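# Structure assessment
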Amino acid sequence: MERLQGIAVSPGIAIGEALVLDNEGFRIPRRFLPRDAVEEELIRLNGAFEAAIAEVEHNRQQVADQLGDEYAAIFSAHLQMLRDRRLHEEIEEMICGRHYSPEYAVSRALRRYAKVFQSLEGNYMAERANDIFDIEKRLLRNLLGRAREELSTITSPVLVLAHNLTPSETANLNPRFALGFVTEIGGPGSHTAIVAEGLGIPAVVGIGPFLTDVSGGDTVIIDGDQGQIILHPDEETLARYRHEVEDQRSLAAKLESLRELPAVTRDGQRISLMGNIEFPYEVQQCQERGADGIGLYRTEFIYLGRDDDPTEEHHFEAYSRVVQSMKDKPVIMRTLDLGADKMRSLPGPEDERNPVLGLRSIRFALRNRDLFRTQLRAILRASSLGDVQIMFPLITTIMELRQARMVLADVMEDLEEAGVEFDRELKVGMMVEVPSAVMMMDRFVEEVDFFSIGTNDLIQYCLAVDRSNKDVANLYTAADPAVIRMIEQAVSVANAHHVPISMCGQMCGNPIYTMLLLGLGIRRFSVTPAAVPEIKRVCRSVTIDQCQGVAEHVSKLESARATRAYLKEELTKVFPELPL
Ligand code: PEP
Ligand code: MG
C-alpha cells in the first residue's frame, strides 16, 4: 500500500478502478483476462511487438536516409529493448500466470523499468526512463489500435489519474463515470480545481510524479478531504474508507433536510447563501440545494472548448437560461475573466512571462472592446428577464473601473437607441481581489453598488504566491493573518458606507472559515453549489456574538497554522461529530 500526499481541492472520498492517462492521454482499459483467452492474447502481444519493431525500423531507416547513420543510432536502444527476451518473458509470464491483459502487463513491466531509471541520478538516466515510456506508448498504441482517449466518452466508473487536466478536460468529465481525479501537477486555486468542485467530485492535485507506480485497472482511493491518494490499498484501509463513504452519504441526507430552511444564525441574523456557477446547467444544483441566487457566474467558461468567439446570441442564450431558471432571485454576472490559466487558446501577447500579472481579466476586456461590448449587450438584454447584476473582475484602479463603466454606459445608450429592452437600474459591482482595491476601498464605495471579495486571487496577490503552482502551495492559504486583515479592512470600509459586500472565493465554501467570516461582518456568501447545505448548517448553529469572539481571537494570531488549528477547534466545539 502506498499513500501519497497532494493538495486537497475538492472534498469527498472515491474508491474505484484507476484510469491512468499520461501526457498523451493513453488509457489501459482492462486488467484481467478470462482463462481461455490467454493463447489469443499472447498472439496479440506478439503482433504488437512485431508492429512496434517494424515502426522503429522504418523510422530508423528514414532518419538514416535523411540525416545519416549516426542520427539513426538513437533508435537502436528502442529496438534492443523491444527485442529483449527477458522483457518478453516477463510480460508473457504476467499474462499466462496472473491472467493480466497484455496492455496491463506491458504497462506494468515497462513502468517498473522506467521507475528504476528515474530513481538513478543524472539526466542521462532520466532520458532512458523517457525512452521506456516511449516504448510503452508505442506498444499500447498497437495493442489498443487508437490514440487518445476521449475523457468525455468514458462509459464505466473510474478514477482519473493524470499528469495534468486542463479546465476544459475537467469540465468534460461526466461525474456519473469519473468518480474523482488526481493530477501530478496543479495548485490549490487553479481553475481545474474550481471546475472539480463544481462537478462535486473528489479531487487532489499536485501529488508530484506517481503515474509510474500505478496501472489502469488498479484499485485506488482518492481522499479529497485530506488531499491523498492511496495506491494498492490493503483490506483494512478499504474497509475504513468504505465506512467513511457511508458516513458521508448519511451526512448528505441529513443536510438535505435543510434545503427549504433559511440560513439564519441562532440569534436571528439572516445570511444570504448563493451559488457560484461556471455553466448554465449548474443552476439546477443551486436550486436543489436551496441557494438564494447566483453570487458569481463565471461567464468566461462559455469560451471553453471553442476556437472562435461566442456571438451575442451565444451569450444571450446561456444567460437567459440562467436568469429565467432563477426566476426573481439575483444573478450576478461577472464579465469575462479571461487570461492566466483560463482559456489560453485566445490570442494574447506572445511574450507574457507572468500571465497572472499580465493582460488578463478586465484588462483584457478593455483592450478587446468589441468582445467586451458583445458580452455587455447580451447581459443587458438578459437583464430584462430577471434580477441581473453586473460585476467587473480584477479591478485594480479607480480609472479602470470608470473605463469599464463607461463602456457599459455606451452599450446601454446603443440599446436604448435601438429600442432594445433592458434594466436601466441594474446594479453594478466589482470584485475585490487585488490588494490595491482593498487599500482604495474608501474611494471605490462611491462608485459601485456592491462588492464581492474574490479570495482565490486576493490570496495570490496578497502573498505573492501563484495559485496554480504546487511548489508554493504551502504558502497559499486563506488562513494567513495578512489575508484575514485584508478581508477585515475591505469588509469594515464597505459596511461603514453601507455598500453590500459578499465573498465568492473558495474560502467561504470551507466551513472552517464560516464563523470567522461572520465575525468579520460578512453576511453574503457565494459558494460552490455542493457547499451550500454545509455552510447553511454552520450559519444555523452559531450566534453572531460567538463569531465575533472567534474573529477577535484570530486577529491576535500570527500564523496560518495557529489560525487553522484554532478555527478547527472552534468548529469541532459546534459539531463534535464533524470529520476535520
Ligand atoms: C476569486 O479570485 O476568488 C474568484 C472568485 O474568481 P476566480 O476564481 O474565477 O478567479
Ligand atoms: Mg479571481
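Note that the coordinates shown come from a computational prediction; the quantities given were computed from them, not determined experimentally.

Around ligand 1, the surrounding shell holds 16 residues, and the nearest of these are R298, R334, G454, N456 and R467. Here an oxygen atom of ligand 1 sits 2.7 Å away from a polar atom, N or O, in the main chain of N456. Residue D457 places a main-chain N or O atom 3.0 Å away from an oxygen atom belonging to ligand 1. Listing elements by their share of the shell around ligand 1, those giving two or more residues are α8 (191-199), β10 (294-298) and α17 (455-463). In terms of residue count, the dominant contributor to the shell around ligand 1 is α17 (three residues). Residue composition of the shell around ligand 1, by class: four nonpolar, five polar and seven charged.

Among the nonpolar cores identified, the biggest contains 104 residues, and F392, F451, I453, I487, L517 and F525 are the most heavily contacted of them. Each residue touching F392, except ones within four places of it in the same chain, is listed here: T335, I362, F372, L401, A404, R405, L408, V428, G429, M430 and M431. With 35 residues, the next largest nonpolar core counts I53, I95, Y104 and I135 among its residues.

The next point concerns the domain arrangement of the protein chain. The domains assigned to the protein chain are domain 1 (2-25 + 149-250), domain 2 (32-144) and domain 3 (270-528). Just the C-alpha atoms count here: the centres of domain 1 and domain 3 sit 29 Å apart. Residue-level contacts link 19 residues of domain 1 with 20 residues of domain 3. Interface area for domain 1 against domain 3, summed over the two sides, is near 1500 Å², with a carbon-plus-sulfur share of 61%.

For a metal with four tetrahedral donors the ideal donor-metal-donor angle is 109.5 degrees, while six octahedral donors give ideal angles of 90 or 180 degrees. Note on the magnesium ion (ligand 2): its protein donors are E433 (OE) and D457 (OD). The metal-donor distances range over 2.0 to 2.2 Å. Of this pair, E433 sits in the loop between β13 (428-432) and α15 (435-439) while D457 sits in helix α17, placing them 24 residues apart in sequence. By the burial criterion, E433 is buried, and D457 matches it.

Going through the model one piece at a time under the given rule, you end up with five aromatic pairs. Ring centres 5.8 Å apart and planes at 85° place the aromatic pair Y297 and Y319 in the edge-to-face group. Here Y297, found in strand β10, pairs with Y319, found in helix α11 (residues 312-325); they are 22 residues apart in sequence, far enough to count as distant. For the ring pair F372 and F392, a centre distance of 6.3 Å and an interplane angle of 65° mean the geometry is edge-to-face. Residue F372 is found in helix α13 (residues 369-382), and its partner F392 is found in strand β12 (residues 388-392); the two are separated by 20 residues along the sequence.

Here the focus is the packing of helix α21 (residues 544-554) against helix α22 (residues 560-574). Contact geometry of α21 with α22 gives a least axis separation of 10 Å together with a crossing angle of 160°. Here α22 runs roughly antiparallel to α21, going by the angle between their axes. α21 and α22 meet at a crossing whose hand is right-handed. In this structure, α21 contributes Q546, G549, V550, H553 and V554 to the contact, and α22 contributes T563, Y566, L567, E570 and V574. Along the lines of polarity and charge, the residues of the contact of α21 with α22 split into five nonpolar, four polar and one charged.

Conventions and cut-offs
- Residues numbered from 1 in each chain as written.
- Chains lettered and ligands numbered in written order.
- Predicted model: local features only at pLDDT ≥ 70, side-chain atom pairs only at ≥ 80, totals over all residues.
- Heavy atoms only, no water.
- Near = heavy atom within 4 Å.
- Polar contact = N/O pair within 3.5 Å; in protein donor to acceptor, adjacent residues only side chain to side chain.
- Helix = DSSP H or I, 4+ residues; strand = E, 2+ residues; numbered from the N terminus.
- Nonpolar A, V, L, I, M, F, W, Y, C, P; charged D, E, K, R; others polar.
- Core = buried A, V, L, I, M, F, W, Y, C linked by side-chain atoms within 4.5 Å.
- Buried < 20%, exposed > 50% of the residue type's maximum accessible area, 1.4 Å probe, protein only.
- Contact = heavy atoms within 4.5 Å.
- Domains from an automatic or database assignment.
- Buried area = accessible area lost by both parts, 1.4 Å probe.
- Donors = N, O, S within 2.8 Å, 3.2 Å for Na, K, Ca; no water.
- Phe/Tyr/Trp six-rings, centres within 6.5 Å; stacked < 30°, edge-to-face > 60°.
- Axes fitted to C-alpha atoms, helices over the stretch in contact; angles between N-to-C directions.
- Parallel < 35°, antiparallel > 145°, perpendicular 65-115°, else oblique.
- Left-handed = near helix turned anticlockwise from the far one by under 90°.

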